[in-house]
Amino acid sequence: VYKRQVILTGVYADESVTSDGISIEDVGGSKGITIKNVTAEKNYAHNIYASNIAGNAALSTVTANNSTDYMGIFLNVINGTKGVTMKDIVASDNYDRNIMLDNIAGNVGLSGITAERCVSSSGILIVRAGGIKGVTMKGIKANANDLENIALNYITGNVTLSAIEANDGMGVGSTLSLIHI
């Protein structure tokens, strides 16, 4: 989708046996993507995947549980200056990472997030966020994930955490990992 905005509202994308529930790639419009009131569960690959987005990404009231082989939500190469905002998200019980954000040019804001019981990896992993404000996380429940419950790597700006619940990280035993902040 070149030079357009993508808006998904009230979408159900469940139980794909071969691929992603929702896959959005190569969006050239400066307004980016908006995903609101969406349920994507029990898909073979990612429940929600977005990559190479020229604008920002905003997700609200989203459920992305039980991916059988990949991630609940994976946002990769989001180039908008506002970055990524996620509010009221439930992404739990996915095979590989519940939520992963990678190569975000702007800031990252997460609030009201539940990302628990990832089968083989992290609850929330944010890698390379470049905004001046950095990463803000408020009202997060990330418990009992196989590796880190929350991992933040290579964050350019500040990191602000409040009302975080991150207990019982298994695997490496880390409940919160901050690298190269």
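This text gives an overview of the structure that appears in the document. (Residues numbered from 1 in each chain as written. Predicted model: local features only at pLDDT ≥ 70, side-chain atom pairs only at ≥ 80, totals over all residues. Heavy atoms only, no water.)

1. So, the overall build of the chain
Working step 1: Along the backbone of the chain there are 0 helices and 14 strands.
Working step 2: When the helices and strands of the chain are read in sequence order from the N terminus, they spell out β-β-β-β-β-β-β-β-β-β-β-β-β-β.
Working step 3: Oriented by its inertia axes, the alpha-carbon framework of the chain measures out at about 45 × 40 × 20 Å.
Working step 4: When each of the 181 residues of the chain is scored for burial, the buried share is 49%.
Working step 5: Here the contacts in the chain between residues at least 6 apart in sequence split such that 73% fall between residues at least 24 apart.
Working step 6: Accessible area of the chain: about 8,000 Å², with a carbon and sulfur share of 49%. (Helix = DSSP H or I, 4+ residues; strand = E, 2+ residues; numbered from the N terminus. Buried < 20%, exposed > 50% of the residue type's maximum accessible area, 1.4 Å probe, protein only. Contact = heavy atoms within 4.5 Å. Areas by Shrake-Rupley, 256 points an atom, 1.4 Å probe, with all protein chains shown as cover.)

2. Details of unusual backbone geometry
Working step 1: Phi angles above zero are rare outside glycine, and Ala 144 is one such case at about 60°.
Working step 2: Of note, Ala 144 is situated in the loop between β11 (135-141) and β12 (150-155).
Working step 3: Judged by relative accessible area, which is 23%, Ala 144 ranks as partly exposed.
Working step 4: A positive phi angle is found at Tyr 154, which is not glycine, with a value near 60°.
Working step 5: Inspection of the secondary structure assignment puts Tyr 154 in strand β12.

3. A few points about the packing of aromatic side chains
Working step 1: In total, this model carries 2 aromatic pairs according to the counting rule given.
Working step 2: An angle of 80° between the planes, with centres 6.1 Å apart, marks the rings of Tyr 44 and Tyr 70 as edge-to-face. Within this pair, whereas Tyr 44 is found in the loop between β3 (33-39) and β4 (48-53), its partner Tyr 70 is found in the loop between β5 (57-63) and β6 (73-78), the two being separated by 26 residues in sequence.
Working step 3: You can call Tyr 70 partly exposed: its relative accessible area is 34%.
Working step 4: Between the aromatic rings of Tyr 49 and Phe 74, the centroid separation amounts to 5.6 Å while the plane-to-plane angle is 50°, which identifies the pairing as tilted. A residue pair is termed long-range when its members are at least 10 positions apart, and Tyr 49 in strand β4 and Phe 74 in strand β6 qualify at 25 residues. Phe 74 shares its class with Tyr 49; the two are buried. (Phe/Tyr/Trp six-rings, centres within 6.5 Å; stacked < 30°, edge-to-face > 60°.)

4. Describing the sheet that holds strand β9 (residues 108-114)
By definition, the strands of a sheet pair up through backbone hydrogen bonds, in either a parallel or an antiparallel sense.
Working step 1: Taken in spatial order, the 7 strands line up as β1-β3-β5-β7-β9-β11-β13 in an open sheet, and their pairing is parallel. Of all the strands in the sheet, the pair left with one neighbour each is β1 (6-9) and β13 (159-165). Within the sheet, the average angular offset between the axes of one strand and its neighbour, ignoring direction, is 5°.
Working step 2: Relative to β13, β11 is paired through 6 bridges, and the arrangement is parallel. (Pairing = 2+ DSSP bridges. Axes fitted to C-alpha atoms, helices over the stretch in contact; angles between N-to-C directions.)

5. Some points on the pairing of β4
Working step 1: The element β4 is largely enclosed, with a buried count of 5 among its 6 residues.
Working step 2: The pairing of strand β2 (residues 22-27) with β4 spans 5 bridges and is classified as parallel. In the sheet register, Ile 22 faces β4, and the bridge partner there is Ile 48.
Working step 3: The sheet contact formed by β4 and β6 spans 5 bridges and is parallel. The residue bridging Tyr 49 from the neighbouring strand is Phe 74, located in β6.

6. Details of the pairing of β6
Working step 1: Of all the 6 residues making up β6, 5 are buried; the element is thus mostly covered by neighbouring parts of the structure.
Working step 2: Here β6 pairs with strand β8 (residues 99-104) via 5 bridges, running parallel. Its bridge partner lying in β8, Ile 73 is registered against Ile 99.

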